[in-house]
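Each chain, written out:
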Amino acid sequence: MGSALRIGVIGAGGMGGRHARNLTTHVPGAQVSLIMDLDQARADATAAACGGARTCADGQALIRDPEVDAVVIASPDPTHAELALACLAAGKPVLCEKPLATSLADAERVVRAEAELGRRLIQLGFMRVYDPAHRALQAALTEGRLGRPLLFRGLHTNLATGHPRSAADVIINSAVHDFHSARWLMADEVASVQAQHVPARPDQPDSCRLLLVQLRFAGGALGSVEVNAASGYGYEVEVALTCEHGMASTGPQPEPWLRSAGQQGQAVPPDWLVRFEQAYVLELQDWIRSLRAGQAHGPSAWDGYISLAIAEAARHSLASGQPTGITAMARPALYG
Ligand SMILES: NC(=O)c1ccc[n+]([C@@H]2O[C@H](COP(=O)([O-])OP(=O)(O)OC[C@H]3O[C@@H](n4cnc5c(N)ncnc54)[C@H](O)[C@@H]3O)[C@@H](O)[C@H]2O)c1
């Protein structure tokens, strides 16, 4: 394939704007051709930064556009499933931001549609698999010296948001990343979860200041995922694993150690765009390379589905106060 792949981007906010700019400046073999956002000024500003891409007013029209070879979905979570289904219907590859859907039933529709098609068109935006710190941790595990992992511990902090978030949103929008990370690094499936939370406000029991989800893996290992929804100090994602013959963690971040005004320490990133800056570029480079070689091989729609199945179980556990098993459809042959 000689000419550049023409990419349509749906949603030009924090994430979509970053993807569009990264595609333009850091990804050989790709060119942003069309941008759609409900906020036209945002679409225009992103198009101007992307070498004169066109804009349009409708996501479905963008997917059908003959000048779009592949699609990035970075609009809000509830839009993902229908747009991903439209990409499958149009036969166009898509990098769909997480979550795959906001309900397990919708995620199942997407997985079934792709399985019926018989080829992988969807890659999920689980970019931690491209983060050098996470990759180094996985390499240490697969090298074998540490032995079998026995315990996964994931820490995920957000700086803050204006309003308290609901527990459902923290699970589906944030913890879904950690569920995928746990499955990927432990090379095992989660069998059951027990979720608890501290409400952000005592008079709003469904609000979430802190979420703790304990995991039990099919192979018997344990795990915990802590999501601090409003840390007040910054954005962090860390993983620590206890293994049969040692421990491994994602290690200190590369920011410099500073001494100034009577204090010393490292800056904490304010958000994911800073912490995972490199991962987002590597994710897009790999996605485009894989499309030019045949088809996507990064995190799949199945990964999106199973992470959402774990999220659903966590929501049920939160409501019942009981450990809850993961209920999922059988894995279609397409996903190996
Ligand atoms: N992989 C990651 O690390 C990561 C990080 C942040 C966000 N995300 C995901 O990316 C998506 C976008 O998040 P964000 O942080 O960029 O949000 P954002 O609010 O900054 O941007 C969303 C954009 O979508 C536009 N929009 C709203 N409804 C739309 C529609 N129906 N069609 C097209 N555009 C529409 C908004 O005008 C806005 O510009 C979300 O699904 C989020 O979960 C992923």
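Above this note sits the structure.
A few points on the structure. (Residues numbered from 1 in each chain as written. Predicted model: local features only at pLDDT ≥ 70, side-chain atom pairs only at ≥ 80, totals over all residues. Heavy atoms only, no water.)

**Comments concerning the site of the ligand**
Line of reasoning, step 1. Among the 25 residues in the neighbourhood of the ligand, the closest are listed as Met15, Asp37, Arg42, Asp77 and Tyr280.
Line of reasoning, step 2. Ser75 has a polar backbone atom sitting 3.2 Å from an oxygen atom of the ligand.
Line of reasoning, step 3. A distance of 2.5 Å separates an oxygen atom of the ligand from a polar atom in the side chain of Asp77.
Line of reasoning, step 4. Notes on the ligand: free accessible area 850 Å², of which the protein chains cover 78%.
Line of reasoning, step 5. Its atoms largely coinciding with the cavity grid, the ligand occupies the largest pocket.
Line of reasoning, step 6. Listed by contribution, the elements that provide at least two residues to the shell around the ligand are α1 (14-26) and α7 (167-186). (Near = heavy atom within 4 Å. Polar contact = N/O pair within 3.5 Å; in protein donor to acceptor, adjacent residues only side chain to side chain. Areas by Shrake-Rupley, 256 points an atom, 1.4 Å probe, with all protein chains shown as cover. 1 Å grid on protein atoms, 1.4 Å probe; cavity = no way out; pocket = protein on both sides within 12 Å on 5 of 7 lines; lining within 4 Å. Sits in = over half its atoms within 2 Å of the grid points. Helix = DSSP H or I, 4+ residues; strand = E, 2+ residues; numbered from the N terminus.)

**Focus on helix α6 (residues 132-143)**
In an α-helix there are 3.6 residues to a turn, and that puts residues three or four apart on one side.
Line of reasoning, step 1. Along its twelve residues, α6 runs 16 Å from first to last C-alpha, staying within 8% of the 16 Å computed at 1.5 Å per residue.
Line of reasoning, step 2. On the buried face of α6, the contacting elements are β7 (149-157), α7, β13 (236-243), β14 (246-249) and α8 (272-275).
Line of reasoning, step 3. Immediately beyond the C-terminal end of α6, within one or two residues, lies Gly144, with a positive phi of roughly 105°. (Expected span 1.5 Å × (residues − 1). Contact = heavy atoms within 4.5 Å.)

**A look at the sheet that holds strand β3 (residues 54-56)**
Line of reasoning, step 1. Across the sheet, six strands lie side by side as β3-β2-β1-β4-β5-β6; this open sheet has parallel pairing. Edge positions in the sheet fall to β3 and β6 (122-124), since each has one partner strand and no second. Across this sheet, the average inter-strand angle for adjacent strands is 25°, counted without regard to direction.
Line of reasoning, step 2. As defined by bridge partners, strand β2 (residues 30-36) adjoins β3 across three bridges and the pair is classed as parallel. What sits directly across from Ile35, in β3, is Thr55.
Line of reasoning, step 3. Against the sheet, helix α9 (residues 277-293) engages β1 (5-10), β2, β4 (70-73), β5 (94-96) and β6, with an angle of about 130° to β1. (Pairing = 2+ DSSP bridges. Axes fitted to C-alpha atoms, helices over the stretch in contact; angles between N-to-C directions.)

No statement about biological role is implied by the geometric values presented.
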